[in-house]
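# Coordinates in review
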Protein chains: 2
Amino acid sequence: MNKILVVGSIGLDSVETPFGKVKDIPGGSATYFSMAASFFSPVNLVAIVGQDFPPQHIKYLQRKGIDTAGLVVSPGRTFRWKGKYEYDLNRAHTLDTQLNVFANFQPELPADYRDSKFVFLANIDPELQLDVLQQAKKPKLVACDTMNFWIEKKKPALRRVIKQVDILFINEAEIRQLTGQSNLVKATKIVFSWGAKIIVVKQGEYGALMFTKDFVFSAPGFPLEQVYDPTGAGDSFAGGFMGYLAKNGELTEKRLRQATIFGSVIASFNVEDFSFNRFRTLTGKEIRRRFKEFKNLSHFEESL
Amino acid sequence: MNKILVVGSIGLDSVETPFGKVKDIPGGSATYFSMAASFFSPVNLVAIVGQDFPPQHIKYLQRKGIDTAGLVVSPGRTFRWKGKYEYDLNRAHTLDTQLNVFANFQPELPADYRDSKFVFLANIDPELQLDVLQQAKKPKLVACDTMNFWIEKKKPALRRVIKQVDILFINEAEIRQLTGQSNLVKATKIVFSWGAKIIVVKQGEYGALMFTKDFVFSAPGFPLEQVYDPTGAGDSFAGGFMGYLAKNGELTEKRLRQATIFGSVIASFNVEDFSFNRFRTLTGKEIRRRFKEFKNLSHFEESL
C-alpha cells in the first residue's frame with residue numbers, strides 16, 4: 001500500500017456563502033487534501049496547529065487512516081482564514097487572514113514518513129516545499145500546488161520546486177500570472193520549458209485540463225444543483241487525484257486520465273457542503289457511482 | 001438530403017483583437033451559421049443586406065452550397081457592428097452598432113424554403129422568430145438562439161419561442177439572466193418548466209453543456225494555441241451542430257452528443273482567424289481529424 005505524504009496548512013475557517021455562514025470550522029490545504037486522499041490511500045500528514053485546535057478534529061483525521069505523527073501542536077493560536085463568496089461562488093473574497101503558529105511552520109518529516117512513495121507539497125512557501133523535498137527519500141511521485149502570493153513574492157524558489165516535482169497543480173489565473181501569458185496552451189509550454197513534467201490546470205466549475213508532453217486531457221466540471229461552499233475544492237481535487245494514483249501504483253496515461261476524473265469526483269462532493277462535512281458521510285459506492293456519471297457526462301461515440 | 005433553413009443577420013464587422021484589426025468584413029449570425037453548416041448540409045438562407053454589401057461575399061456563400069434566394073438586397077446600408085476584444089478574448093466590447101437595413105427586416109420564406117426539415121432561428125427579435133415559425137411547414141427540428149437584449153426587452157415573446165422550438169442555444173450568462181438563477185442546473189430546470197426540450201448552454205472557451213430531460217452531455221473546450229477572433233464562435237457552433245444532425249437525419253442521443261462535438265469542432269476552427277476566413281480553407285479531413293482529437297481529449301477508460 002503506497003502512503004501519501006502531504007505537507008500543508010491546517011486552519012480554522014470562517015466562511016460565508018449565499019447559503020449560510022460557519023465559524024472556526026476545520027480547513028486548510030492539508031486538511032482537505034488528507035480527507036480527500038484518505039478515500040483511496042493512507043496519508044502521512046505534516047502540519048502545524050495551535051493549542052486551541054479542537055482535538056476531536058485530529059481524532060477524526062486519525063479515524064480516516066491519516067497518520068498525524070507529523071502534526072505539531074504548538075503554543076499559540078491556529079491559522080485562521082475568513083472568507084466570503086458571492087452568488088456566482090467562483091471567487092473567494094478574503095476578509096481576514098491570521099497566520100498565527102503557521103508563521104513559524106518548519107516542516108520536519110518523522111523518520112517513518114521519509115520513504116513515503118507519493119508526496120504532495122500543498123500550497124506553502126516554496127522554500128519550505130524545497131526543504132521537504134530534501135527530507136524525502138526517493139519518492140515515486142511528487143506533486144505541488146501554489147498560489148498567487150508565492151508567484152508574486154518567491155518566483156525563483158517556486159521555479160526550483162516546479163523543476164523538481166512531477167506534477168504541478170495550478171489554477172488557470174495562477175498559470176497566467178506565473179507566465180505572463182494569457183493563452184493556456186502557450187502558458188503550459190513556458191512552464192514545460194522550465195522543466196515541468198505534468199501540469200494540471202484547475203478551472204473551478206469548468207473542470208480541469210491535464211497537460212503532458214504527449215497528450216492533453218480535459219475533465220469536465222460536474223453540473224451540480226447544490227453548491228454550498230467551494231472552499232477546499234482544489235485541494236480535494238489534488239487529494240482524489242493523488243489518492244487514486246497511490247492506490248493504483250501505476251503511472252500510465254490510462255491511470256493519469258482516471259486520476260483527473262477521481263480528483264474531479266472528490267472535489268464535486270466536497271463543494272456540496274461546508275468544510276469537509278460531505279466527506280463525513282461519503283461512501284466508496286457513491287464515489288464509484290459519480291465516476292460512472294462523469295463517464296456518461298463526457299462520453300460520445302467515435303463511429304459516424 | 002435535409003436542407004437547413006437559417007434566418008438571421010448578415011453584417012459588416014469591424015473587429016479589433018490583440019492580434020490585429022479588420023474593417024467591414026462579412027459577419028452576422030446567419031453568415032457564420034451558414035458557413036459552418038455548409039460543411040455538412042445545404043443551407044437555405046434568409047437575411048437582409050444593403051446595396052453596399054460586396055457581391056463577392058454573396059457569390060462565395062453560393063459556391064459553398066448556400067441558397068441565397070431568401071437574401072434580400074435592400075436600398076440602404078448593411079448592418080454594421082464594431083467591437084473589440086481585450087487580451088483574455090472572453091468578452092466582446094461593442095463599440096458601435098448600426099442596424100441600417102436590418103432595422104426593417106421582415107423575414108419571408110421563399111416558397112421552396114417552407115418545407116426545410118431543419119430550421120435555425122438565429123439571434124433576432126423573438127417576434128420575427130415566431131413569424132418565421134408560422135411560415136415553416138412541419139419542420140423535423142427547430143432550434144433558436146437569442147441574446148441579452150431580447151431577454152431584457154421581449155421576454156414574453158422569447159418564452160413563446162422557447163416553448164415552440166426543440167433546441168435552445170444560449171450562453172451561460174444569458175440563461176442566468178433569463179431565469180434569475182445563477183446555478184446552471186437549476187436555471188435549465190426553470191427553462192424546461194417553460195416547455196423547452198433540449199438546452200445547449202455555450203460556455204465559450206470552456207466548451208458546452210447539452211441538457212435534455214434524460215441526460216446531460218459536456219463537450220470540452222479545445223485547448224487552442226492560436227485564438228485570433230472569437231466573433232461568430234457561438235453561431236459557428238450552432239451551424240456545426242445543426243449541420244451534422246441534418247446530414248445524419250437521426251435525432252438520437254448518440255447523434256445529439258456527436259452534434260455537440262461537431263459544433264465544438266467547427267467553432268474551434270472559426271476562432272483561429274478573423275471573420276470566417278478559416279472556413280475558406282477548412283477541409284472535411286481536418287474536421288474529422290479534430291473530431292478524433294476531441295475524442296482523445298476527453299476519453300478515459302471506465303475499467304478500474
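Notes on the structure in this doc start here.

Conventions we followed
Residues numbered from 1 in each chain as written. Chains lettered and ligands numbered in written order. Predicted model: local features only at pLDDT ≥ 70, side-chain atom pairs only at ≥ 80, totals over all residues. Least-squares fit on C-alpha atoms with pLDDT ≥ 70 in both. Contact = placed C-beta atoms within 7 Å. Pairing = 2+ DSSP bridges. Helix = DSSP H or I, 4+ residues; strand = E, 2+ residues; numbered from the N terminus. Axes fitted to C-alpha atoms, helices over the stretch in contact; angles between N-to-C directions. Nonpolar A, V, L, I, M, F, W, Y, C, P; charged D, E, K, R; others polar. Left-handed = near helix turned anticlockwise from the far one by under 90°. Buried ≥ 20, exposed ≤ 12 C-beta atoms within 10 Å, placed from the backbone. Core = buried A, V, L, I, M, F, W, Y, C linked by C-beta atoms within 7 Å.

Turning next to the relation of the copies chain A and chain B. If you rotate chain A by 180° and push it 0.0 Å along the axis, it lands on chain B with an RMSD of 0.0 Å. Taken together, the turn and the small shift mark the pair as related by a two-fold rotation axis. Both copies share a contact surface, since 100% of the interface residues of chain A are interface residues in chain B too.

Let us now look at the sheet that holds strand S10 (residues 167-171) of chain A. Residue and element names in this part refer to chain A. Taken in spatial order, the 9 strands of this open sheet run S5-S4-S1-S8-S9-S10-S11-S12-S13, and their pairing is mixed. The strands lining the two open edges of the sheet, one partner per strand, are strand S5 (66-74) and strand S13 (216-220). Across this sheet, the average inter-strand angle for adjacent strands is 15°, counted without regard to direction. Examined bridge by bridge, strand S9 (residues 141-144) and S10 share 2 bridges and lie parallel to one another. Its bridge partner being in S10, Ala143 is matched across the sheet by Ile167. The sheet contacts of helix H6 (residues 172-179) involve S10 and strand S11 (198-202), and relative to S10 the element is tilted by about 105°.

It is worth spelling out the sheet that holds strand S2 (residues 11-17) of chain A at this point. All names here are of chain A. One open sheet accounts for 4 strands, arranged S3-S2-S6-S7; its pairing is mixed. Edge positions in the sheet fall to strand S3 (20-27) and strand S7 (92-98), since each of these pairs with one other strand and no more. Averaged over all adjacent pairs, the angle separating strand axes in this sheet is 15°, with direction ignored. With 6 bridges joining them, strand S6 (residues 79-85) and S7 adopt antiparallel strand pairing. Following the sheet pairing, Trp81 is matched in S7 by Thr97.

Let's shift gears to the interface of chain A and chain B. Taken residue by residue, the interface counts 30 residues in chain A and 30 residues in chain B. Counting residues per element, the ones that place at least two in the side of chain A that touches chain B are helix H7 (184-193), S13, helix H9 (253-270) and helix H11 (284-298) of chain A. Looking at the side of chain A that touches chain B residue by residue, the class counts come to 15 nonpolar, 7 polar and 8 charged.

Residues and elements named next belong to chain B. The contact between helix H9 (residues 253-270) and helix H11 (residues 284-298) brings their axes to 9 Å, and the two run at 115°. Handedness of the crossing formed by H9 with H11: right-handed. Residues Ile261, Phe262, Ser264, Val265 and Ser268 of H9 form the contact with H11, whose own contacting residues are Ile287, Arg290, Phe291 and Phe294. For the contact of H9 with H11, a count of residues per class yields 6 nonpolar, 2 polar and 1 charged.

Side-chain positions along a regular strand alternate between the two faces of the sheet. Residues and elements named next belong to chain B. Counted residue by residue, strand S6 (residues 79-85) has 5 buried out of 7 residues, so it is predominantly covered. Two elements, strand S2 (residues 11-17) and S6, share 6 bridges in a ladder whose sense is parallel. The residue bridging Val15 from the neighbouring strand is Gly83, located in S6. Between S6 and strand S7 (residues 92-98), which pair antiparallel in sequence order, lie 6 residues; one of them, Leu89, sits at a positive phi of approximately 60°.

What follows covers the environment of Val227(B). By secondary structure assignment, the location of Val227(B) is in the loop between strand S13 (216-220) and helix H8 (233-248). When the C-alpha atoms of Val227(B) and Glu272(B) are compared, they prove to be 5.0 Å apart, with 45 residues separating the residues in sequence.

With the exception of glycine, most residues fall at negative phi, and the peptide bonds are largely trans. With a phi angle near 50°, Asn100(A) is a residue other than glycine that sits in the positive phi range. Inspection of the secondary structure puts Asn100(A) in the loop between S7 and strand S8 (118-121). A positive phi angle, near 45°, is found at Ser275(B), a position not held by glycine. Relative to the assigned elements, Ser275(B) resides in the loop between H9 and helix H10 (277-281).

The biggest cluster of nonpolar side chains holds 190 residues, and the ones touching the most others in it are Val6(A) and Val6(B). Beyond its immediate chain neighbours, meaning those up to four positions away, Val6(A) contacts Ala30(A), Phe33(A), Ser34(A), Val43(A), Leu45(A), Val46(A), Phe120(A) and Ala122(A).

Residue and element names in this part refer to chain B. In this structure, Leu5 sits in strand S1 (residues 4-7). We classify Leu5 as buried; it has 27 C-beta atoms within 10 Å. Along the chain, Leu5 and Pro42 lie 37 residues apart, while their C-alpha atoms are 9.0 Å from each other. For Leu5, the contacting residues outside a window of four places in its chain are Asn44, Val46, Tyr113, Ser116, Phe118, Val119 and Ala136.

Residues and elements named next belong to chain B. In terms of burial, S2 is a largely internal element, 5 of the 7 residues being buried. As defined by bridge partners, S2 adjoins strand S3 (residues 20-27) across 6 bridges and the pair is classed as antiparallel. By the bridge assignment, Leu12 is partnered in S3 with Pro26. The turn linking S2 back onto S3 is made up of 2 residues.

Shape is all these values report; function is a separate question.
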